[in-house]
2 protein chains.
Amino acid sequence: MAAAFAAVGGKWKLTLIYWLAHGESHFAGLRRRAAPITPKVLAQQLRELEADGLVERTETGPVPAPVIYRLTPYGETVLPVVESVRLWGEAHLERTHGQVAPSDRMSCGRAVA
Amino acid sequence: MAAAFAAVGGKWKLTLIYWLAHGESHFAGLRRRAAPITPKVLAQQLRELEADGLVERTETGPVPAPVIYRLTPYGETVLPVVESVRLWGEAHLERTHGQVAPSDRMSCGRAVA
């Protein structure tokens with residue numbers, strides 16, 4: 001059963017899918033947003049998402065040209081799941097810390113509209 | 001935003017919540033089911049779930065008496081989220097491998113009924 005949770009269950013996968021739902025990004029951009037995550041772990045999570053067909057990786061030229069990541073149409077089928085986790089998580093943050101950053105709330109609304 | 005995903009975003013957290021939705025369990029029972037996970041990682045994930053109020057830990061006596069883990073009522077509020085991830089994950093497994101173990105399907109149906 002654990003296998004059913006594996007494709008999106010990595011610590012950063014839902015967050016990465018959520019970010020990519022706002023638009024494609026190059027690796028450096030994801031890395032900046034994912035501050036505490038190491039580049040190695042970030043690359044590994046992206047590789048797994050790519051292997052599962054959720055994320056597509058496009059090289060824009062020879063190294064060091066940026067590599068662009070975007071959600072595939074199949075990856076977009078995860079967005080309702082991401083939204084259900086996000087809504088619960090946001091309520092959880094409010095319960096725990098009593099607040100959620102307004103900008104987060106807004107960008108979330110757009111992400112899965 | 002990543003914080004909203006953290007409480008259930010650990011690699012094993014959704015799976016652990018799903019298992020505990022079927023009934024309380026002692027550590028050794030969870031460890032048996034979570035075959036590839038190390039005891040250290042399992043204990044860490046359980047500690048985080050407990051710190052977030054999702055799981056409750058009861059010592060049944062002095063060591064080595066079993067320690068029982070169960071979902072809290074608050075932990076049960078995550079079950080619709082677990083179910084949305086599970087349904088997507090099961091469809092993903094069918095897409096990827098063309099099959100899902102029937103016993104899994106049955107136990108899942110009961111879990112969140």
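Computed from a predicted model, the values in this text were never measured in an experiment.

(A) Focus on the sheet that holds strand S2 (residues 55-59) of chain B. All names here are of chain B. Strand order in the open sheet formed by three strands is S1-S3-S2, with antiparallel pairing between adjacent strands. The sheet is open, and its two borders are formed by strand S1 (25-26) and S2, each paired with just one other strand. Where S2 lies against strand S3 (residues 67-71), five bridges are found, and the strand directions are antiparallel. Note on S3: the bridge partner recorded for arginine 57 is tyrosine 69. Running over the sheet, helix H2 (residues 13-21) touches S1, S2 and S3 and is turned about 95° from S3.

(B) Structural detail: the nonpolar core. Ranked by size, the top nonpolar core spans 56 residues in total, and within it A:Ile17, A:Leu54, B:Ile17 and B:Leu54 carry the most contacts. Setting aside anything within four residues of it in sequence, one finds A:Ile17 in contact with A:Val8, A:Leu49, A:Leu54, A:Leu71, A:Val78, A:Leu79 and A:Val82.

(C) The arrangement of the relation of the copies chain B and chain A in detail. For the match of chain B to chain A, the screw axis carries a shift of 0.0 Å, the RMSD comes to 0.0 Å, and the turn is 180°. The two molecules are tied by a two-fold rotation axis, judged by turn and shift. Closest approach to the rotation axis among the C-alpha atoms of chain B is made by B:Lys11, whose C-alpha sits 2.7 Å away. Looking at chain B, 100% of its interface residues are interface residues in chain A too, so the copies touch through the same face.

(D) Region of interest: the interface of chain B and chain A. In this complex, chain B contributes 32 residues to the contact, which on the side of chain A involves 32 residues. For the chain B and chain A pair, buried surface summed over both sides reaches about 3,000 Å², with 71% attributable to carbon and sulfur atoms. The interface formed by chain B and chain A contains seven residue pairs in polar contact (both at pLDDT 80 or more). Contributions of two or more residues to the side of chain B that touches chain A are made by helix H1 (2-9), H2, helix H6 (79-97) and helix H7 (102-111) of chain B. For the side of chain B that touches chain A, the element with the most residues is H6(B), which contributes eleven residues. In the side of chain B that touches chain A, the residues fall into 19 nonpolar, seven polar and six charged.

(E) Fine view of H1(B). The complete set of buried residues in H1(B) reads B:Ala4, B:Phe5, B:Ala7, B:Val8 and B:Gly9. Where H1(B) is buried, its residues contact helix H1 (2-9), helix H2 (13-21) and helix H6 (79-97) of chain A together with H2 and helix H4 (39-51) of chain B.

(F) Seen up close, the pattern of salt bridges. Residues and elements named next belong to chain B. Applying the stated criterion across every chain yields a total of twelve salt bridges over all chains. Notably, a salt bridge pairs arginine 57 with glutamate 59, separated by 2.9 Å at the nearest N-O pair. Here glutamate 59 falls in the exposed class, since its relative accessible area comes to 53%.

The rules behind each value
- Residues numbered from 1 in each chain as written.
- Chains lettered and ligands numbered in written order.
- Predicted model: local features only at pLDDT ≥ 70, side-chain atom pairs only at ≥ 80, totals over all residues.
- Heavy atoms only, no water.
- Pairing = 2+ DSSP bridges.
- Helix = DSSP H or I, 4+ residues; strand = E, 2+ residues; numbered from the N terminus.
- Contact = heavy atoms within 4.5 Å.
- Axes fitted to C-alpha atoms, helices over the stretch in contact; angles between N-to-C directions.
- Core = buried A, V, L, I, M, F, W, Y, C linked by side-chain atoms within 4.5 Å.
- Buried < 20%, exposed > 50% of the residue type's maximum accessible area, 1.4 Å probe, protein only.
- Least-squares fit on C-alpha atoms with pLDDT ≥ 70 in both.
- Buried area = accessible area lost by both parts, 1.4 Å probe.
- Polar contact = N/O pair within 3.5 Å; in protein donor to acceptor, adjacent residues only side chain to side chain.
- Nonpolar A, V, L, I, M, F, W, Y, C, P; charged D, E, K, R; others polar.
- Salt bridge = Lys/Arg side-chain N within 4 Å of Asp/Glu carboxyl O.

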